[in-house]
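Structural overview for review
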Amino acid sequence: MTSHLGLMVIFAAFVSVVFAVLSRDEPRDQMVLGARMFGGFVFAGVLIGWLLYPLPF
Amino acid sequence: MRAAAADRAQAASTVYLICAAAWLLPGAGHLWLGRRQKGLVFLVALTLMFGFGLWLEGRLFPFEVTQPLIVLAAIADLGMGAPYLAAKAFGAGAGRVVAITYEYGNTFIIVAGLLNMLVVLDVFDIAKGRK
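**Looking at the packing of helix H1 (residues 4-23) of chain A against helix H2 (residues 27-52) of chain A**
All names here are of chain A.
- Viewed as axis vectors pointing N to C, H1 and H2 meet at an angle of 145°, and their least axial separation amounts to 8 Å. The handedness of the crossing between H1 and H2 comes out as right-handed. Facing Met 8, Val 9, Ala 12, Ala 13, Val 15, Ser 16, Val 17, Phe 19, Ala 20, Val 21 and Ser 23 of H1, the residues of H2 in contact are Gln 30, Leu 33, Gly 34, Met 37, Phe 38, Phe 41, Val 42 and Gly 45.
- Its residues assigned to classes, the contact of H1 with H2 shows 14 nonpolar, five polar and no charged.

See below:
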């Protein structure tokens, strides 16, 4: 639960929910946008993590 | 979904009152304007996020004018309204720097406050009849 990945996923979920509900009025649109944003956040987090992996500091 | 009350522009004094309520209690502005679903989601999500930050031993930053970055974090924290004030009153949010989750907790608390500020801006637009 308190691993870096776990906390990043929880953080992404909270932010996606708030942004999606702020940006769209219909529940279905909110769900679609929220799911897309959540996936994007997690994917970008993992991708950037791997890109930073070879750095020596 | 949109209540009739929310569809017409509010009087100027009422707009600021609604914004103050939205700041004080996350989601209260949307609930006031009849957007129940949005209001409930903000109330639950932002309060949970803030509480999660406290649970992760994050810190509620003080207003130390000698340290500008700390002041910025304090302003972001203050964006949460009543949950922030309640946490301060009950002595929560002291933060434990050596905790492995300290920085994560700070991030959750700060972002929850900033998101509530965005929610207040959304309430302002709705109350003005722009959305």
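**Remarks on H2(A)**
- Taking 1.5 Å as the rise per residue, H2(A) with 26 residues should run 38 Å; its terminal C-alpha atoms sit 37 Å apart, in good agreement.
- Little of H2(A) is tucked away: two of the 26 residues are buried.

**A word on the packing of helix H2 (residues 12-24) of chain B against helix H7 (residues 102-127) of chain B**
Residue and element names in this part refer to chain B.
- Following both chains from N to C, one finds H2 and H7 inclined at 155°, their axes separated by 9 Å at the closest point. Taken as axis vectors, H2 and H7 run roughly antiparallel relative to one another. Remark: the crossing between H2 and H7 carries right-handed chirality. For the pair formed by H2 and H7, the contact residues are Val 15, Ile 18, Cys 19, Ala 22 and Trp 23 on the first element and Asn 116, Val 119, Val 120, Val 123, Phe 124 and Ala 127 on the second.
- Looking at the contact of H2 with H7 residue by residue, the classes come out as ten nonpolar, one polar and no charged.

**Some details on the nonpolar core**
- A:Val18, B:Ala45, B:Leu46, B:Phe108, B:Ala112 and B:Val123 are the most contacted members of the largest nonpolar core, which has 40 residues in total.
- Of all the elements in the fold, those that place two or more residues in this core are H1 of chain A together with H2, helix H3 (28-32), helix H4 (36-55), helix H5 (68-78), helix H6 (82-89) and H7 of chain B.
- Tallying contributions element by element places H7(B) first for this core, with twelve residues.
- Setting aside chain neighbours within four positions, we find B:Ala112 in contact with B:Leu46, B:Met49, B:Phe50, B:Gly53 and B:Met80.

**Concerning the interface of chain A and chain B**
- In this assembly, eleven residues from chain A lie in contact with 17 residues from chain B.
- Top contributing element to the side of chain A that touches chain B by residue count: H1(A), with eight residues.
- Broken down by class, the residue content of the side of chain A that touches chain B amounts to nine nonpolar, one polar and one charged.

Definitions and cut-offs
- Residues numbered from 1 in each chain as written.
- Chains lettered and ligands numbered in written order.
- Predicted model: local features only at pLDDT ≥ 70, side-chain atom pairs only at ≥ 80, totals over all residues.
- Axes fitted to C-alpha atoms, helices over the stretch in contact; angles between N-to-C directions.
- Helix = DSSP H or I, 4+ residues; strand = E, 2+ residues; numbered from the N terminus.
- Left-handed = near helix turned anticlockwise from the far one by under 90°.
- Contact = placed C-beta atoms within 7 Å.
- Nonpolar A, V, L, I, M, F, W, Y, C, P; charged D, E, K, R; others polar.
- Expected span 1.5 Å × (residues − 1).
- Buried ≥ 20, exposed ≤ 12 C-beta atoms within 10 Å, placed from the backbone.
- Parallel < 35°, antiparallel > 145°, perpendicular 65-115°, else oblique.
- Core = buried A, V, L, I, M, F, W, Y, C linked by C-beta atoms within 7 Å.

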